[in-house]
Amino acid sequence: MNTSSLTESRDTREPGPASPDGAAVATTVHSRLTVLSGPSGVGKSTVVAELARAYPQIWISVSVTTRKPRPGEVDGRHYHFVDDSKFDQLIASGALLEWARFSGNRYGTPLAPLKEKLEAGVSSLLEIDVAGARQVRMAAPEARLVFLAPPSWDELVRRLRGRGTEPPEVLERRLAAAREELAAQDEFDVTLVNTSVRDVCRQLVALIEQ
Ligand code: 5GP
């Protein structure tokens, strides 16, 4: 069991892509907190969906976002979909552990449910972008940061294009963000290459339950 206190100072300035700000945190972590990050399109959400199916003992945080739902996405399950003013309120009230702008939208991790799970000793996973992972590192240095890498850059481009849910300018923005995110790999504790969803899940669970 991992016990350490974590605190982060509150700052409501706008986050930049390289140094976003988080919200106030003061809690005790009683179990392992794992962050899964990596470029958009690498397959994080597929890995997380498989993890939720095959390893229900691991709690997966549901983020808040200002992005509009994609076809098939369910409010409260894939994300909590909110408007800009609600997101502003969440930041102002310190309800988010971290938040970041990504490709024109904002995304954040609700603090209260995560704190509750960690205090109950439940292994918990956040699936967030690199900017968010950096904030978690500051707020909870004992968290394990896992980077999910694509087998190659071409494969990442293929996956992002293949998704077919985004207009070309959004796709270009996501590719630009992916290039920057790939460069952050060395900041992470572990890199897993997404060659097979099942293999990555097995490796991830081994890390979480280590
Ligand atoms: P998407 O729009 O494809 O669902 O997500 C875009 C990016 O936002 C992904 O890299 C995803 O990991 C990230 N993301 C999802 N939830 C959060 C969150 O709560 N915080 C941060 N910082 N990033 C998030």
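Right above here is the structure, for reference.
The residue count restarts for each chain, going from 1 along the sequence in the order it is written. In keeping with the model being predicted, local features are shown solely for residues with a pLDDT of at least 70 and side-chain atom pairs are shown and tallied solely at 80 or more, while totals for entire chains, interfaces and linings include all residues. By convention in this description, side-chain values take in all heavy atoms of the structure and omit both hydrogens and water.

1. Here we look at the packing of helix α1 (residues 44–54) against helix α7 (residues 197–208)
Part 1: Helix axes use the C-alpha atoms of the stretch in contact, all axes being lines fitted to C-alpha atoms, and the angles between their N-to-C directions lie in the range 0 to 180 degrees. Think of it this way: any DSSP run of H or I at least four residues long counts as a helix, any run of E at least two long counts as a strand, and we number them from the N terminus. Between α1 and α7, the least distance of the axes is 9 Å, while the angle of their chain directions is 65°. Considered as vectors, α1 and α7 are oriented roughly perpendicular to each other. Judged by the sense of rotation from one axis to the other, the crossing of α1 with α7 is right-handed. Between α1 and α7, the contacting residues are Thr 46, Val 47, Glu 50 and Leu 51 on the first element and Val 197, Arg 198, Val 200, Cys 201, Leu 204 and Val 205 on the second.
Part 2: For this classification, the nonpolar set comprises Ala, Val, Leu, Ile, Met, Phe, Trp, Tyr, Cys and Pro, the charged set comprises Asp, Glu, Lys and Arg, and every other residue, Gly included, is treated as polar. Grouping the amino acids of the contact of α1 with α7 by side-chain chemistry returns seven nonpolar, one polar and two charged. Each angle receives one of four descriptions, namely roughly parallel if under 35 degrees, roughly antiparallel if over 145, roughly perpendicular if within 65 to 115, and oblique otherwise. What makes a crossing left-handed is the near helix being turned counterclockwise from the far one by less than a right angle; a clockwise turn instead makes it right-handed. Should any heavy atoms of two residues lie within 4.5 Å, those residues are counted as being in contact.

2. Here we look at the sheet that holds strand β8 (residues 105–110)
Part 1: The strand order β6-β5-β8-β7 describes an open sheet built from four strands, whose pairing is mixed. Either end of the sheet is taken by a strand with one partner, and the two such strands are β6 (80–81) and β7 (96–102).
Part 2: Two elements, strand β5 (residues 64–65) and β6, share two bridges in a ladder whose sense is parallel. In the sheet register, Val 64 faces β6, and the bridge partner there is His 80.
Part 3: Lying over the sheet, helix α2 (residues 84–92) contacts β5, β7 and β8, oriented at roughly 40° with respect to β8. Whether two strands pair depends on DSSP finding at least two bridges between them.

3. Considering the environment of Phe 81
Part 1: Positionally, Phe 81 belongs in strand β6.
Part 2: Excluding anything up to four places from it in sequence, Phe 81 contacts Thr 65, Arg 67, Lys 68, Pro 69, Glu 73, Val 74 and Asp 75.

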